Amino acid sequence: MFAGILIVVIFLIFAALMMTRKLPALLALPAMAVVVGLVAGVFYDWSNSESTLGQFIFDTVLTQGSVKLAQAMMFAAFGSILSQVVMRSGIATRLISLTAEYAGRHKFWLALILTLMTAVCFSSVTGLGAVIMIGSLVLPIMMGVGLSASFSAGLMLLAIALGGIFNPVNLGFYVDVLKLPQDTVQSYVLVYGILLSVTTLVFLGVGMWRERGSFNWAESAELPKSRASLPSLITPVLPVLLIFVFNMPIIPAFVVGIIWGILTTEPKKAVNNLSAAVLEGLKDIAPVLGLFIGIGMCLAAMTAEPTRLVMEPLLQAIIPQTPWAFVLIFFVLAPMALYRGPLNMYGLGAGVASILLGSSILPPTAILAAFFSVGQVQGVCDPTNTHNVWLAQFTKVNADKLLKTTLPYVWAFVGVALAWAAFVADALG
């Protein structure tokens, strides 16, 4: 029990370092993996093992851990290339332009369709560059018809998260980390996507009612022209359709989307455009690949036998194993996904999920249900997200205000999503 408590203290120390921004997750995760591995190894009896403490750290944690998420890295790489195709070819710009043109200046329909188109774009595009490009188009249109800056930015954040739920990169990440069948993860993606769509509609309806008397004399920003063809506009959702409708594997679906986007925009420049998309896509994904290396090391360290044995007694005492307790605990603790906290899968939560996975106290479906739902709190509300910071600066709204504006809605989504997982999908079964 003492070793388990010591590992929890290590978690808290690294959480404080990440939350105070003294150590980025890119460095904190591999460092935490090594320290936890050392502590678990010291308390483990190696006399009956073919390995040693040194081999455990060097081979299992550092060597095997660094490539443990190789498949997820490839999903991210191909997804980033497709993202570049969608942005560089003008497909995203054309989608937003058509939306603004045909929705007119009726506030509700304009906001609804722009939110939908933003979500469609982010079902394939990723990264801060995509947020800046699409946000620079969408936000001036919304604010130009009289919607407040905080409401417009909140809708943008929800649209990004909604598209992200269906993004095959995220689907592949959970498949690779939790070793679940792709169709199992897809079922959660579909239901959570529907629930977050309802949440977004509620946010839109409440916001429009509150701002029903607002108006603005400002003109909308003139949209840049795009020559992307009409057939090319299905490019962002093409991989999603291939995966969810035709059960195509993730990387082939990305390849089809990339080729379709290249050939339906400027086929005569296909080779040059594809080369540029590959180079820029791989450059953009470098920070994510570094993060995946750290997460892989955490998985290797915390699912290994030494860590599992020292953590199991403590986890059995504190981890909820009944549906009601599962829903209540993760719902109440949902804000701990903020600031790279212990429920943030791309921060300290990678270690927590790894220990839960290694201990087998919760089944992988329950871990998926918990971290996938709570992760939306981080994705939408976290003031430390680079896209939240940019949206706050662009709209001149404090990032903490965006947190307060969106958190009640996303927190409610988490509660419903957890309840569905526990009582309908039998995630703990």
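Residues numbered from 1 in each chain as written. Predicted model: local features only at pLDDT ≥ 70, side-chain atom pairs only at ≥ 80, totals over all residues. Heavy atoms only, no water.

A.B. asks: Explain the overall build of the chain to me, using residue names and the numbers behind them.
C.D. replies: When helices and strands are tallied, the chain shows 20 helices and 0 strands. For the C-alpha atoms alone, the extent of the chain along its principal axes is close to 75 × 50 × 40 Å. Out of the 429 residues belonging to the chain, those deemed buried represent 55%. Once local pairs closer than 6 in sequence are excluded, the contacts in the chain between residues at least 24 apart make up 80%. Taken as a whole, the chain presents about 18,000 Å² of accessible surface, with 68% of it coming from carbon and sulfur. (Helix = DSSP H or I, 4+ residues; strand = E, 2+ residues; numbered from the N terminus. Buried < 20%, exposed > 50% of the residue type's maximum accessible area, 1.4 Å probe, protein only. Contact = heavy atoms within 4.5 Å. Areas by Shrake-Rupley, 256 points an atom, 1.4 Å probe, with all protein chains shown as cover.)

A.B. asks: For the layout of surface pockets, give the residues involved together with the corresponding values.
C.D. replies: Roughly 580 Å³ of internal volume is contained in the second largest pocket. Together, 25 residues line the second largest pocket, and I318, M336, P342, L343 and V352 are the ones closest to its centre. Elements with a minimum of two residues in the lining of the second largest pocket: α1 (2-19), α15 (305-318), α16 (323-332) and α17 (349-359). Counting residues per element, the lining of the second largest pocket draws most heavily on α1, which supplies 6 residues. Classifying every residue of the lining of the second largest pocket gives 24 nonpolar, 1 polar and no charged. (1 Å grid on protein atoms, 1.4 Å probe; cavity = no way out; pocket = protein on both sides within 12 Å on 5 of 7 lines; lining within 4 Å. Points joined across faces, edges and corners; volume = space filled by probe spheres on them. Nonpolar A, V, L, I, M, F, W, Y, C, P; charged D, E, K, R; others polar.)

A.B. asks: Lay out the environment of A412 in plain terms, naming residues and giving numbers.
C.D. replies: Structurally, the position occupied by A412 is in helix α20 (residues 399-424). Sequence-wise, A412 and L116 are 296 residues apart; in three dimensions their C-alpha atoms are separated by 21 Å.

A.B. asks: Which residues make up empty space enclosed by the protein, and what values go with them?
C.D. replies: Counted according to the given criterion, the structure contains 1 cavity of 30 Å³ or more. If you add up the space inside the largest cavity, you get close to 40 Å³. Forming the boundary of the largest cavity are V177, L178, I295, L299, M345, A350, A353, S354 and L357. Among the secondary structure elements, those contributing two or more residues to the lining of the largest cavity are α9 (168-178), α14 (286-302) and α17. A total of 4 residues in the lining of the largest cavity trace back to one element, the largest contributor, which is α17.

A.B. asks: Can you break down the side chain of T118 residue by residue, with the values?
C.D. replies: If you trace the backbone, T118 turns up in helix α6 (residues 107-122). Relative accessible area serves as the criterion here: at 1%, T118 is assigned to the buried category.

A.B. asks: Could you give me a rundown of the packing of α15 against α17, with the residues and numbers involved?
C.D. replies: Contact geometry of α15 with α17 gives a least axis separation of 9 Å together with a crossing angle of 95°. With respect to α17, the axis of α15 lies roughly perpendicular. Contact residues: α15 offers R308, M311, E312 and L315, while α17 offers I355, L356, G358 and S359. Grouping the constituent residues of the contact of α15 with α17 by class yields 4 nonpolar, 2 polar and 2 charged. (Axes fitted to C-alpha atoms, helices over the stretch in contact; angles between N-to-C directions. Parallel < 35°, antiparallel > 145°, perpendicular 65-115°, else oblique.)

A.B. asks: Pulling in residues and values, what's your account of the nonpolar core?
C.D. replies: Y192 and F326 are the most contacted members of the largest nonpolar core, which has 153 residues in total. For this core, the element with the most residues is α20, which contributes 13 residues. When neighbours within four sequence positions are excluded, Y192 is seen to be in contact with I165, A369, F372, S373, F413, A417, L418, W420 and A421. (Core = buried A, V, L, I, M, F, W, Y, C linked by side-chain atoms within 4.5 Å.)

A.B. asks: Please set out the pattern of salt bridges residue by residue, giving values where relevant.
C.D. replies: In total, this model carries 3 salt bridges according to the counting rule given. For the salt bridge of D176 with K179, the shortest nitrogen-to-oxygen distance reads 3.0 Å. In this structure D176 comes out as buried when scored by relative accessible area, which is 4%. Residue classification places K179 among the exposed residues on the basis of a relative accessible area of 56%. In this structure, E266 engages K269 in a salt bridge whose closest nitrogen and oxygen atoms are separated by 3.8 Å. A residue is classified by how much of its surface remains accessible, and K269, at 46% relative accessible area, is partly exposed. (Salt bridge = Lys/Arg side-chain N within 4 Å of Asp/Glu carboxyl O.)

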